[in-house]
Structures are given as C-alpha cells and as structure tokens.
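Tertiary structure, described
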Amino acid sequence: MGPVRTCVGCRARADRSSLMRIVVRDFELVVDTAAVLPGRGAWLHPQIQCYQLAVKRRAFGRALRTDGKLDTAALENSVRENRLNG
C-alpha cells in the first residue's frame, strides 16, 4: 500500500493514487496532476460529492492555509470532467 492521505471533502483516508492533489495559484484552486507543484497541497477524491462537501465546509482555505476568497470554478470543472470520463 502506498502513501495514505485524507480527502478534505469526506475526510476519509485513502491511498494517494486515488486522490487528486489541489494547490492554490493566484487564489485559484488547480489540480496538480503530477503532484510536483510547490506549496501546500490538499487532497480530494475526484467525485462531485467530495468537492461539494469541501466547499460547504470551507475546507480548502483551512487545508491550504490561505485567507480570502478562492476561485473554485476550474476545480469544479475538473471534477465534473473526471466524473464523465471515469
């Protein structure tokens, strides 16, 4: 079993390979597909339910230790595309 991370949405622990790493770039949440971008990362299941829970709980700001409004549009689109493709 590989490294284990916690989803910021549902708070379930899962293998790193089954989660997406999310980072902040200019107050926009982006998916770090290669998991190599600098800075803090938050981990999220690629499911719309986990995304919605994380937004509702304001989990991204806490996990990424950022203040201010974060743009979640690109992340939402990525999660929705993943659902359609997966």
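To keep things clear, this report deals only with the structure shown in the data block. (Residues numbered from 1 in each chain as written. Predicted model: local features only at pLDDT ≥ 70, side-chain atom pairs only at ≥ 80, totals over all residues. Heavy atoms only, no water.)

Focus on the overall build of the protein chain
Worth spelling out the cut-off: Elements are defined by DSSP. Helices are runs of H or I of four residues or more, strands are runs of E of two residues or more, and each kind is numbered from the N terminus. For a compact globule the rule gives 2.2 Å times the number of residues to the power 0.38, and the radius of gyration it is set against comes from C-alpha atoms. Remark: exposure states derive from per-residue accessible area (1.4 Å probe, protein chains only) relative to the maximum for the residue type, with buried under 20%, exposed over 50%, and partly exposed in between. Residues count as neighbours in contact if any of their non-hydrogen atoms are within 4.5 Å of one another. Accessible surface area values rest on a Shrake-Rupley calculation with a 1.4 Å probe, where residue burial reflects the displayed protein chains alone. In this charge count, Lys and Arg are treated as positive and Asp and Glu as negative; neither His nor the chain ends contribute. Think of each charge as sitting on NZ of Lys, CZ of Arg, CG of Asp or CD of Glu.
When its secondary structure is counted, the protein chain shows three helices and five strands. Helices (α) and strands (β) of the protein chain occur, in sequence order from the N terminus, as β-β-β-β-β-α-α-α. A compact globule built from 86 residues should have a C-alpha radius of gyration of about 12 Å, and the protein chain, at 12 Å, falls within 12% of that. With the C-alpha coordinates of the protein chain rotated into their principal frame, the extents come out at 35 × 25 × 25 Å. Looking at the protein chain as a whole, 31% of its 86 residues qualify as buried. Summarising the internal contacts of the protein chain: among those between residues at least 6 apart in sequence, 54% fall at separations of at least 24. For the protein chain, the computed accessible surface area is about 5500 Å², with 48% contributed by carbon and sulfur atoms. For the protein chain, the separation between the mean place of its 15 positive charges and that of its 8 negative charges on side chains is 10 Å.

Observations concerning the sheet that holds strand E3 (residues 20-25)
Threshold: Strands are treated as partners if at least two bridges between them are detected by DSSP. Axes, fitted as lines to C-alpha atoms, cover a helix only where it is in contact. Angles between the N-to-C directions of the axes lie from 0 to 180 degrees.
Here we have three strands laid out as an open sheet, ordered E4-E3-E5, and antiparallel in their pairing. Since the sheet does not close on itself, it has two edges, and those belong to strand E4 (28-31) and strand E5 (42-44), each with one partner. Ignoring which end each strand starts from, the neighbouring axes of this sheet average 40° apart. Where E3 lies against E4, four bridges are found, and the strand directions are antiparallel. The residue bridging Ile22 from the neighbouring strand is Val31, located in E4.

Here we look at the side chain of Asp32
Put simply, the rule reads: Nitrogen and oxygen atoms within 3.5 Å of one another constitute a polar contact, given that in protein one can donate a hydrogen and the other can accept it, and given that sequence-neighbouring residues count only through two side-chain atoms.
If you trace the backbone, Asp32 turns up in the loop between E4 and E5. At a separation of 3.0 Å, a polar atom in the side chain of Asp32 contacts the main-chain amide nitrogen of Ala35. Beyond its immediate chain neighbours, meaning those up to four positions away, Asp32 contacts Arg21, Val23 and Leu37.

Notes on the pattern of salt bridges
Note the following rule: The term salt bridge refers to a pairing of a side-chain nitrogen on Lys or Arg with a carboxyl oxygen on Asp or Glu at a separation within 4 Å.
Considering all chains together, one arrives at two salt bridges under this definition. One salt bridge connects Glu76 with Arg80, and the closest N-O pair in it is separated by 2.9 Å. Note that Glu76 and Arg80 are positioned in helix H3 (residues 73-85) at a spacing of four residues, about one turn of the helix. Given a relative accessible area of 25%, Glu76 falls into the partly exposed group. On the basis of relative accessible area, Arg80 is assigned to the partly exposed category, the value being 30%.

Looking at the environment of Ala42
Take Ala42: it is sitting in strand E5. Residues Ala42 and Ala59 lie 17 residues apart in sequence; the distance between their C-alpha atoms is 9.0 Å. Residues within four places of Ala42 in sequence aside, it is in contact with Val8, Met20, Arg21, Ile22, Phe60, Ala63 and Leu64.

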